Amino acid sequence: MRKLSELAKDSFGVIASVNGDSRFVSRITSIGLTPGCRVTVIKNEKRRPLLVYSRDTMIALNRNECDWIEVAEAV
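These figures come from a predicted structure and were not determined experimentally.

## As for the overall build of the chain
Inference 1: In terms of helices and strands, the chain carries 2 helices and 6 strands.
Inference 2: The C-alpha extent of the chain, read off along each of the three principal axes, is 30 × 25 × 25 Å.
Inference 3: For the chain, with 75 residues in total, the buried portion stands at 33%.
Inference 4: Long-range pairs, those at least 24 residues apart, make up 57% of the contacts in the chain between residues at least 6 apart in sequence.
Inference 5: When the 12 positive and 9 negative side-chain charges of the chain are each reduced to one mean point, those points stand 5 Å apart.

Next comes the structure, spelled out in structure tokens:
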């Protein structure tokens, strides 16, 4: 398992788990990032928000929040 923030640009992953406090988990799952969901990393630059594409939606995530989302790298 890897943190979402560790995936490189243009790589794919499948969300394995969402950790953190209940408010964070509720917010992330409400935008569609749930375990089993496939994500594509669009932008991953240091000190910038992570930009991912999932379920026909572009989502910008705070880098600290990405550390709470574990993914399995997909092909």
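## Thoughts on the environment of glutamate 45
Inference 1: You can see glutamate 45 is positioned in the loop between β3 (38–43) and β4 (50–54).
Inference 2: When the C-alpha atoms of glutamate 45 and alanine 8 are compared, they prove to be 9.1 Å apart, with 37 residues separating the residues in sequence.

About the criteria used
- Each chain has its residues counted from 1, following the order in which its sequence is written.
- The model is predicted, so local features are restricted to residues of pLDDT at least 70 and side-chain atom pairs to those at 80 or more, both for listing and for counting; the totals for chains, interfaces and linings are taken over all residues.
- To obtain the side-chain values, all non-hydrogen atoms of the structure were used and water was disregarded.
- Helical segments are the DSSP runs of H or I of at least four residues, strand segments are the runs of E of at least two, and each set is numbered from the N terminus.
- Working definition: with a 1.4 Å probe on protein chains only, accessible area under 20% of the residue-type maximum means buried, over 50% means exposed, and in between means partly exposed.
- We call two residues contacting when some pair of their heavy atoms lies within 4.5 Å.
- Within this scheme the basic residues Lys and Arg register as positive and the acidic residues Asp and Glu register as negative, but His and the chain ends are omitted.
- Taken as the charge centre is NZ of Lys, CZ of Arg, CG of Asp or CD of Glu, depending on the residue.

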